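Coordinates in review
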Amino acid sequence: MSSPEAESEPRAGPDLPAVAPQLRALRRRASLTLEAAARAAGLSPAHLSRLETGQRQPSLPMLLALARIYGTTVSELLGERVADRDAVVRAGDMEPTPAGGWTYWQAGSPGRGMQALRVHVPHGSQGDIVRVHPGEEWLYVLSGRLWLRLGDTTHRLAPGDSAHFDSLTPHRIAAQDPDGVELLFVHTLLQSPTAALCLGPTNGETP
């Protein structure tokens, strides 16, 4: 199975200035050494150190993996703070965040047992990256068409289609259309020493 480190991510830039110190702070809060956290995330200690010092910008699957390991959410990794966990998230409050070629919007409150995202998956950003981890995932296609590989079976999902599956089933997704695909995505925040999610940039092959 491919690890988050096997995926390419951009060098550090001004996009996510709060990520680097937040990654270190949350690792220490979880009482994990650099070596232990890197091993759990499938990274080398040197690679995680570069993320923590801002020399590299983490991709979305790396953020999701580290959030799972540290028992937190992508929102907290990004340094976002919400005073109260309101039940309603207004459209105007959903700020787009680019990560590893993908764009996502927080569609739920931080600190919950599930994390809800609205995600844009560009065409040509997927490849042979298979994910296996504890938990459940649910996705709903808003626009575009999606390839979903579950185990040995490939599904083609159109707008209005959804999928709900055990994350221990090997899985990966890809956008079928040139304009990409937009989807709602919900996953449980179960911690896993081999945490890796199906969201992530890869090399454009169909499942």
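Residues numbered from 1 in each chain as written. Predicted model: local features only at pLDDT ≥ 70, side-chain atom pairs only at ≥ 80, totals over all residues. Heavy atoms only, no water.

Looking at the packing of helix α3 (residues 45-52) against helix α4 (residues 60-70)
Where α3 contacts α4, the two axes come as close as 13 Å, and the packing angle between them is 100°. Between α3 and α4, the angle is such that the two are roughly perpendicular. Contact with α3, carried on its side by H47, L48, L51 and E52, involves M62, L66 and Y70 of α4 and no other residues of that element. (Axes fitted to C-alpha atoms, helices over the stretch in contact; angles between N-to-C directions. Helix = DSSP H or I, 4+ residues; strand = E, 2+ residues; numbered from the N terminus. Parallel < 35°, antiparallel > 145°, perpendicular 65-115°, else oblique. Contact = heavy atoms within 4.5 Å.)

Considerations on the sheet that holds strand β8 (residues 171-175)
Overall, antiparallel pairing links the three strands, which are arranged β6-β5-β8 in an open sheet. The open sheet is flanked by β6 (153-157) and β8, the only strands paired with a single partner. The sheet shows a mean angle of 20° between the axes of neighbouring strands, taken without regard to direction. Two elements, strand β5 (residues 146-150) and β6, share five bridges in a ladder whose sense is antiparallel. (Pairing = 2+ DSSP bridges.)

Notes on the nonpolar core
Judged by nonpolar contacts, the single largest core of 40 residues is most densely connected at L48, L139 and L183. With eight residues, α4 is the largest single contributor of residues to this core. Setting aside chain neighbours within four positions, we find L48 in contact with R27, L34, A37, A38, L43, L66 and Y70. (Core = buried A, V, L, I, M, F, W, Y, C linked by side-chain atoms within 4.5 Å. Buried < 20%, exposed > 50% of the residue type's maximum accessible area, 1.4 Å probe, protein only.)

What to know about unusual backbone geometry
One non-glycine residue, S31, adopts positive backbone phi at about 60°. With a relative accessible area of 65%, S31 lands in the exposed category.

Description of the environment of T154
By the secondary structure assignment, T154 is in strand β6. On a C-alpha basis, the gap between T154 and I173 in space is 9.4 Å, while along the polypeptide they are 19 residues apart.

Looking at helix α2 (residues 34-41)
Among the eight residues of α2, six are classified as buried, and the element is accordingly described as predominantly covered. Taken together, the buried positions of α2 are L34, A36, A37, A38, A40 and A41. In this structure, the buried side of α2 is in contact with α1 (19-29), α3 and α4. Just beyond α2, the residue with positive phi is G42, at close to 75°.

Here's the deal with the pattern of salt bridges
Considering all chains together, one arrives at four salt bridges under this definition. Taking the shortest distance from any N to any O, the salt bridge between R118 and E182 comes out at 2.3 Å. Of this pair, R118 sits in strand β3 (residues 114-121) while E182 sits in strand β9 (residues 181-188), placing them 64 residues apart in sequence. The class for R118 is partly exposed, based on a relative accessible area of 22%. On the accessibility criterion, E182 (17% relative accessible area) is buried. Across the pair R145 and D177 runs a salt bridge whose closest N-O atoms are separated by 2.7 Å. Of this pair, R145 sits in the loop between β4 (136-143) and β5 while D177 is found in the loop between β8 and β9, placing the two residues 32 residues apart along the sequence. (Salt bridge = Lys/Arg side-chain N within 4 Å of Asp/Glu carboxyl O.)

A look at the pairing of strand β2 (residues 102-106)
Extensive coverage of β2 is indicated by the burial of four of its five residues. Direction of pairing for β2 relative to β3: antiparallel, over a ladder of four bridges. Following the sheet pairing, W105 is matched in β3 by R118.

Things to note about the packing of aromatic side chains
Under the counting rule described, the total for this entry stands at one aromatic pair. Taking 6.2 Å as the distance between ring centres and 20° as the angle between the ring planes, the aromatic pair formed by W138 and Y140 counts as stacked. In this structure W138 comes out as partly exposed when scored by relative accessible area, which is 30%. The exposure class of Y140 is partly exposed, given its relative accessible area of 30%. Over the face of the ring belonging to W105 we find R118, whose NZ or CZ atom lies 4.0 Å from the ring centre. (Phe/Tyr/Trp six-rings, centres within 6.5 Å; stacked < 30°, edge-to-face > 60°. Lys NZ or Arg CZ within 6 Å of the ring centre and 35° of its normal.)

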